[in-house]
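# Results of the structural survey
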Amino acid sequence: MKPSPRLSPSLSLSSFSARRRSLLIGSAAIGAAALTKPLLAAAQGYPERPLTFICPWPAGGTADQSMRALCQVASRVLGQAIAVENKVGASGMIGTRAMASAKPDGYTIGQVPISVTRFSQLGTLRLDPLKDLTYLARTSGQTFGMAVPAESRFKSLQELVAFAKANPGKLSYAHAGVGGATHVGMEEFALAAGIQFNHVPYKGGAEALQAVLGGHVDLLADSSSWAPHVEAGKLRLLATWGERRASRFKDAPTLKELGYNVVVDAPNGIGAPKGLDPAVAMKLREAFRVAVASPEFKQVADRIDAPVLYLDGPDYEKYVAAMYQKETTLIDKLRLKELMKS
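Below, the structure is looked at part by part. Note that the coordinates shown come from a computational prediction; the quantities given were computed from them, not determined experimentally. (Residues numbered from 1 in each chain as written. Predicted model: local features only at pLDDT ≥ 70, side-chain atom pairs only at ≥ 80, totals over all residues. Heavy atoms only, no water.)

## Here's the deal with the overall build of the chain
A count of helices and strands for the chain gives 12 helices and 11 strands. Taken across its 342 residues, the chain has 48% of its residues classed as buried. By sequence separation, contacts in the chain at least 24 residues apart represent 76% of the contacts at least 6 residues apart. For the chain, the accessible surface area stands at approximately 17200 Å², while carbon and sulfur atoms represent 55% of it. (Helix = DSSP H or I, 4+ residues; strand = E, 2+ residues; numbered from the N terminus. Buried < 20%, exposed > 50% of the residue type's maximum accessible area, 1.4 Å probe, protein only. Contact = heavy atoms within 4.5 Å. Areas by Shrake-Rupley, 256 points an atom, 1.4 Å probe, with all protein chains shown as cover.)

Take a look at the structure:
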């Protein structure tokens, strides 16, 4: 009878190591599953009560309309009501701060204006948008543009630029506040065109619009508050600021078309406080993904000239980080910190 062959010491050690690795991997998997189970269990019951959605803009405005349309659809997906609460002031930053300061339990969420990337660096907002928020979805942008009264001497943006070059600082434009998208967009355009304006800040787009309609200021820079007045023949739209022409105003060129590398669409998004349970965040991301794709939201977006610019939470977070870097450059280039102090 032949003796059984012995395994070599190296082979025995190799087998033992392989078995040990398998046991460690298995233990790790069991541990991860044990940790994940409570999270999933907690999220399975979510939401168990109505949510609060903080909109940092006045009721009835374009941002408010779009957010309410989204919340209406998202509430159906989640199976709970979403109450929209308007907390206005400081160019949208009061509401944003209130949302970021809430308990991260998924029951307080809200709109995140992309201007958080600017105002946090200017000191208006004590919040780090790269650390203090959970991003759920980018939703839609805004259609910005420049409009003059119908009786204005300027029939095109080219005519306005030619006049401004010959008369530095003589033309004035109305906007919705220092450091906001309309102010920064106009100053970025002026820098690209090599011209100078007098900027006249107002408390909001409605006041700026009335100033131009009343003949107190030469030019309006705003989101689509000018739209009905352009259609009624009271204002003339010289240019819009998006990547492509606005569907309702196809005769108006974009700044990019006219040779100015300036695009401003100020996308809105949905966020929550930092520290949100990932499983809860996933449920909210899915609810707002469905909401952005809904016909109800498209109808509102079309009515207020808001291009749909959807991004899921992780991609939205990357976009915010990129915008933060862009704003750092713009703040320096446009000397915005000095303007904020003046």
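Moving on, there is more to tell.
## Observations regarding the nonpolar core
If you look at the biggest cluster of nonpolar residues, it comprises 50 residues, and the most contacted ones within it are Leu157, Phe189 and Phe197. Once residues within four sequence positions are removed from consideration, phenylalanine 189 is found in contact with Met146, Leu157, Val161, Ile195, Phe197, Leu255, Tyr260 and Val262. Within the second largest apolar cluster, 32 residues are counted, among which are Cys71, Ala74, Ala137 and Ile270. (Core = buried A, V, L, I, M, F, W, Y, C linked by side-chain atoms within 4.5 Å.)

## Considerations on helix α7 (residues 205-213)
Buried within α7 are the following residues: Gly205, Ala208, Leu209, Ala211 and Val212. Each buried residue of α7 sits inside an arc of 160° when the element is viewed along its axis, so together they form one side. (Arc of directions from axis to C-beta.)

## A closer look at the pattern of salt bridges
Pairs may arise between side chains of opposite charge once their charged atoms sit close together. Scanning the entire structure with this criterion turns up 14 salt bridges. Of the charged contacts, one joins arginine 335 and glutamate 338 as a salt bridge, the two residues approaching to 3.2 Å between their closest N and O atoms. Beyond isolated ion pairs, a larger network of salt bridges with shared partners links Glu231, Arg248 and Asp305. (Salt bridge = Lys/Arg side-chain N within 4 Å of Asp/Glu carboxyl O.)

## Some words on helix α11 (residues 313-333)
With 21 residues, α11 should reach 30 Å at 1.5 Å per residue; the first-to-last C-alpha distance of 30 Å fits that figure. If you check which residues of α11 are buried, you get Gly313, Tyr316, Tyr319, Val320, Met323, Tyr324, Glu327, Leu330 and Ile331. Buried positions in α11, seen along its axis, are confined to an arc of 155° and lie on one side of it. The exposed residues of α11 that point more than 90 degrees off its buried face are Lys318 and Asp332. Phi for arginine 335, located one or two positions after α11, is positive at around 55°. (Expected span 1.5 Å × (residues − 1).)

## Topic: the packing of aromatic side chains
For the structure shown, the criterion picks out nine aromatic pairs. Between the aromatic rings of phenylalanine 144 and tryptophan 241, the centroid separation amounts to 5.7 Å while the plane-to-plane angle is 20°, which identifies the pairing as stacked. With phenylalanine 144 in the loop between β4 (133-140) and β5 (145-149) and tryptophan 241 in the loop between β9 (235-240) and β10 (268-273), the pair connects residues that are 97 residues apart, well separated along the chain. Among the residues examined, phenylalanine 144 registers a relative accessible area of 3% and is labelled buried. A residue is classified by how much of its surface remains accessible, and tryptophan 241, at 0% relative accessible area, is buried. By way of ring pairs, the aromatic residues Tyr173, Phe189, Phe197 and Tyr260 are connected into one cluster. The aromatic ring of tyrosine 107 is capped on one face by arginine 49, whose charged end is 3.7 Å from the ring centroid. (Phe/Tyr/Trp six-rings, centres within 6.5 Å; stacked < 30°, edge-to-face > 60°. Lys NZ or Arg CZ within 6 Å of the ring centre and 35° of its normal.)

## Section: the sheet that holds strand β11 (residues 308-312)
Strand order in the open sheet formed by six strands is β2-β1-β3-β10-β4-β11, and the pairing between neighbours is mixed. The sheet is open, and its two edges are formed by β2 (82-86) and β11, each paired on a single side. Taken over all neighbouring pairs, the strand axes of this sheet differ in orientation by 30° on average, direction set aside. Examined bridge by bridge, strand β1 (residues 51-55) and strand β3 (residues 108-113) share three bridges and lie parallel to one another. Counted as the bridge partner of phenylalanine 53 is isoleucine 109 from β3. Its contacts with the sheet put helix α9 (residues 278-292) on β1, β3, β4, β10 and β11, and the angle it makes with β4 is roughly 10°. (Pairing = 2+ DSSP bridges. Axes fitted to C-alpha atoms, helices over the stretch in contact; angles between N-to-C directions.)

Any functional reading would require information that these geometric values do not contain.
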